[in-house]
Number of protein chains: 2
Amino acid sequence: MFDYKLLAALAAVIEQGGFERAAQVLGLSQSAISQRIKLLEARVGQPVLVRATPPSPTEVGRQLLNHVQQVRLLERDLHRQVPALDEEGLPERLRIALNADSLATWWAGAVSTFCAEQQVLLDLVVEDQDVGLKRMRAGEVAACLCGSERPVAGARSLALGAMRYRALASPAFMARYFPHGFEPRRLARTPAIVFGPDDFLQHRYLASLGIEDGFLHHLCPSSEGFLRLAEAGVGWGLVPERQASAQLQRGDLVEICADTPIDVPLYWHHWRNGGQLLAQLTEHLRQMAPGWLVPL
Amino acid sequence: MFDYKLLAALAAVIEQGGFERAAQVLGLSQSAISQRIKLLEARVGQPVLVRATPPSPTEVGRQLLNHVQQVRLLERDLHRQVPALDEEGLPERLRIALNADSLATWWAGAVSTFCAEQQVLLDLVVEDQDVGLKRMRAGEVAACLCGSERPVAGARSLALGAMRYRALASPAFMARYFPHGFEPRRLARTPAIVFGPDDFLQHRYLASLGIEDGFLHHLCPSSEGFLRLAEAGVGWGLVPERQASAQLQRGDLVEICADTPIDVPLYWHHWRNGGQLLAQLTEHLRQMAPGWLVPL
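Note that the structure is predicted; figures quoted are calculated from it, not measured.

**Digging into the relation of the copies chain A and chain B**
Thinking step 1. Superposing chain A onto chain B takes a rotation of 180 degrees combined with a translation of 0.1 Å along the rotation axis, leaving an RMSD of 0.1 Å. Here the copies are linked by what is in effect a two-fold axis. Taking C-alpha positions as the reference, the residue of chain A nearest the rotation axis is E224(A), at 2.9 Å.
Thinking step 2. Interface overlap between copies: 100% of the residues of chain A at the interface are likewise at the interface in chain B, consistent with a symmetric, same-surface contact.

**With respect to the packing of aromatic side chains**
Thinking step 1. Tallied over the entire structure, the rule returns 10 aromatic pairs over all chains.
Thinking step 2. With centroids separated by 4.7 Å and ring planes inclined at 40 degrees, the aromatic side chains of F173(B) and Y177(B) adopt a geometry described as tilted. Note that F173(B) and Y177(B) are positioned in helix 8 (residues 171-177) at a spacing of four residues, about one turn of the helix. Taken as a pair, F173(B) and Y177(B) share a single burial class, namely buried.
Thinking step 3. With a centroid separation of 5.7 Å and 50 degrees between ring planes, the pair formed by Y205(B) and W236(B) is classed as tilted. Here Y205(B), found in helix 9 (residues 201-208), pairs with W236(B), found in the loop between helix 10 (223-231) and strand 9 (237-240); they are 31 residues apart in sequence, far enough to count as distant. The burial state of Y205(B) is the same as that of W236(B); both residues are buried.
Thinking step 4. Feature note: the residues W106(A), W107(A) and W268(A) constitute an aromatic cluster, connected by ring pairs.

**Points about the environment of L26(B)**
All names here are of chain B.
Thinking step 1. Its place among the elements puts L26 in helix 2 (residues 19-26).
Thinking step 2. Spatially, the C-alpha atom of L26 lies 7.7 Å from that of A12, the residues being 14 residues apart in sequence.
Thinking step 3. The contact partners of L26, leaving out residues within four places of it in the chain, are A8, A9, A12 and I33.

**Focus on the interface of chain A and chain B**
Thinking step 1. Of the residues lining the interface, 41 residues belong to chain A; the matching set on chain B comes to 41 residues.
Thinking step 2. Of the roughly 3200 Å² buried at the junction of chain A and chain B (both faces included), carbon and sulfur atoms supply 62%.
Thinking step 3. Here chain A and chain B share zero salt bridges between them.
Thinking step 4. Inspection of the chain A/chain B interface yields eight residue pairs in polar contact (both at pLDDT 80 or more).

**As for helix 1 (residues 4-16) of chain B**
Thinking step 1. Over its 13 residues, helix 1 of chain B extends 17 Å from the first C-alpha to the last, a length consistent with the 18 Å expected when each residue adds 1.5 Å.
Thinking step 2. Backbone geometry just after helix 1 of chain B places G17(B) at a positive phi near 75 degrees.

**Considerations on the UniProt feature "domain: HTH lysR-type" (unreviewed entry) in chain A**
Thinking step 1. In the UniProt entry, the feature "domain: HTH lysR-type" (unreviewed entry) is given for residues 2-58 of chain A.
Thinking step 2. Across residues 2-58 of chain A, the secondary structure splits into 63% helix and 7% strand, with the terminal C-alpha atoms separated by 18 Å.

**Some words on the pattern of salt bridges**
Thinking step 1. Summed over the entire model, instances satisfying the criterion amount to 28 salt bridges over all chains.
Thinking step 2. As a salt-bridge pair, R186(A) and E183(A) come within 4.0 Å of each other at their nearest N and O atoms.
Thinking step 3. Look at R186(A) and you get partly exposed, because its relative accessible area is 33%.
Thinking step 4. A salt bridge links R286(B) to E283(B), with the nearest nitrogen and oxygen atoms 3.1 Å apart.

**Focus: the packing of helix 6 (residues 107-118) of chain A against helix 12 (residues 275-288) of chain A**
Residues and elements named next belong to chain A.
Thinking step 1. Where helix 6 meets helix 12, the axes come as close as 10 Å, and the angle between the chain directions of the two elements is 140 degrees. Relative to helix 12, the element helix 6 lies oblique. Handedness of the crossing formed by helix 6 with helix 12: right-handed. Contacts between helix 6 and helix 12 involve W107, G109, A110, V111, T113, F114 and Q118 from the former and L277, Q280, L281, H284, L285 and M288 from the latter.
Thinking step 2. Classifying every residue of the contact of helix 6 with helix 12 by side-chain character gives eight nonpolar, five polar and no charged.

**Topic: the pairing of strand 9 of chain B**
Residues and elements named next belong to chain B.
Thinking step 1. Residues of strand 9 alternate between two faces, with G237 and V239 on one and L238 and P240 on the opposite face, all of them buried.
Thinking step 2. As judged from the four bridges shared by strand 6 (residues 155-169) and strand 9, these two strands associate in the antiparallel manner. Looking across to strand 9, one finds that R166 is bridged to V239.

**Considerations on the side chain of S170(A)**
All names here are of chain A.
Thinking step 1. Locating S170 in the fold gives a position in the loop between strand 6 (155-169) and helix 8 (171-177).
Thinking step 2. When its relative accessible area of 4% is taken as the criterion, S170 is described as buried.
Thinking step 3. Among the polar contacts made by the side chain of S170, one reaches the main-chain amide nitrogen of F173 at a distance of 3.0 Å.

Calculation criteria
- Residues numbered from 1 in each chain as written.
- Chains lettered and ligands numbered in written order.
- Predicted model: local features only at pLDDT ≥ 70, side-chain atom pairs only at ≥ 80, totals over all residues.
- Heavy atoms only, no water.
- Least-squares fit on C-alpha atoms with pLDDT ≥ 70 in both.
- Contact = heavy atoms within 4.5 Å.
- Phe/Tyr/Trp six-rings, centres within 6.5 Å; stacked < 30°, edge-to-face > 60°.
- Helix = DSSP H or I, 4+ residues; strand = E, 2+ residues; numbered from the N terminus.
- Buried < 20%, exposed > 50% of the residue type's maximum accessible area, 1.4 Å probe, protein only.
- Buried area = accessible area lost by both parts, 1.4 Å probe.
- Salt bridge = Lys/Arg side-chain N within 4 Å of Asp/Glu carboxyl O.
- Polar contact = N/O pair within 3.5 Å; in protein donor to acceptor, adjacent residues only side chain to side chain.
- Expected span 1.5 Å × (residues − 1).
- UniProt positions renumbered as here; feature names shortened; annotations may be inferred.
- Axes fitted to C-alpha atoms, helices over the stretch in contact; angles between N-to-C directions.
- Parallel < 35°, antiparallel > 145°, perpendicular 65-115°, else oblique.
- Left-handed = near helix turned anticlockwise from the far one by under 90°.
- Nonpolar A, V, L, I, M, F, W, Y, C, P; charged D, E, K, R; others polar.
- Pairing = 2+ DSSP bridges.

Written out as structure tokens, the structure is:
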């Protein structure tokens, strides 16, 4: 068997983003953590960490973390069957990467009963639409909700449905930039809001209107901030319909071009041997998702 | 004078998070970007970049970026006085680090008129309460809104006011965990929600109730997700009063212990020689903030 003390030290350094916090979490001194990492590297014969701020795993470090994540999930199953093993009686923590817009809209409502019934704590990691999978590949999360269908090795993907987005702006914004009604060709010179460098939704929308060049945009890597900027008339942008339903109803936001939604599919990626808890959450999401998402 | 083509390449690689995107943004080939970075390193006699994904600046790289940021702001002022210099007529972009809760609540409302009048585009970077300043020190942002008062070298800090937080949970959550009324001593075994490893607000709240040990908690690095989890009864947590006003009014969220707010001060950090636009935004915030924040 591996020496799991060493692997737990590696996992803590990566999960906590540093040696100092890892030491705090494990109740060890910082030099004890360093020694364990060094011992682990001596055993595997190569570095497991890139010593940066925050530290990141090397390729072999990633494989080890991936293994730790899966062992933890299996341990949880065992704890249920042999409760005495579970010394502290603490709820299990499930680390999940998901896109900001899901977290800002339907995620909490869909998983709340599961969390209460299973006494599970969530450790959520926000990742842009299509990049959460790299966290799975790195073994840093047990599951990932993202826009890519193709699973990583050892995992499965489940199509949950799609989030419907609409291009929205405030009435004052529309009056200022489109005093004579909406004209697609003026859109490139009308400030948009873009979530971040991985967000191509506004680009797709413009392309669907025949605009392929660059466009003026604010950058705002926050779902709620994005909505607030649109409401305040700072820019136009694609907002989940569900997130803006009250604003649309009140007329605080309007669709810049009538009935031109974009549907973004969501896939749930989970380890094939991720243990019972993960399998149950997957089943729970399969049942709940249709109530929150539009069909694919 | 420096060769600003080289410095612009460095800034683009850091701001875009890689050589490929930097090349796209500057309309150059990737090898042209690499050559410029190498030439820059030959000139300064040491590496300016750590070649990781994403690349990060070295100490000297940081100093160069800091300089680029300030030169850009000064150029903007010059463009106003000598409009012919401004070849493309594009609005200026202002890169600002701020805490997620400000972005989720009052920021957009406070700056919208400024953005419209000044034709400025925002490039917002979300940083936890007290760590946005490292972006200033790294020369990556023109200004920063955070909980620390002490300015970095070359910058000033302005006290804007405080955000008022209240410890909230859903009525169903309170009924489940506190069937006989609120008892502080049970709080450590009642799942909380914590924004991330730098969020000590829940710790402070527990300490104010005499609980100094660890406590069960979910991790959710999203303002809106945090509120959604609280509404869904997944945990209790400190939420900006302003963000939850509708939920408090409707009774969808209640204060777990009556009238125990925590006020978190906010400071606006800006470069001393940051140019006219930044000075105007600073003045604008000084005037607007009292309408959105509680006095310090």
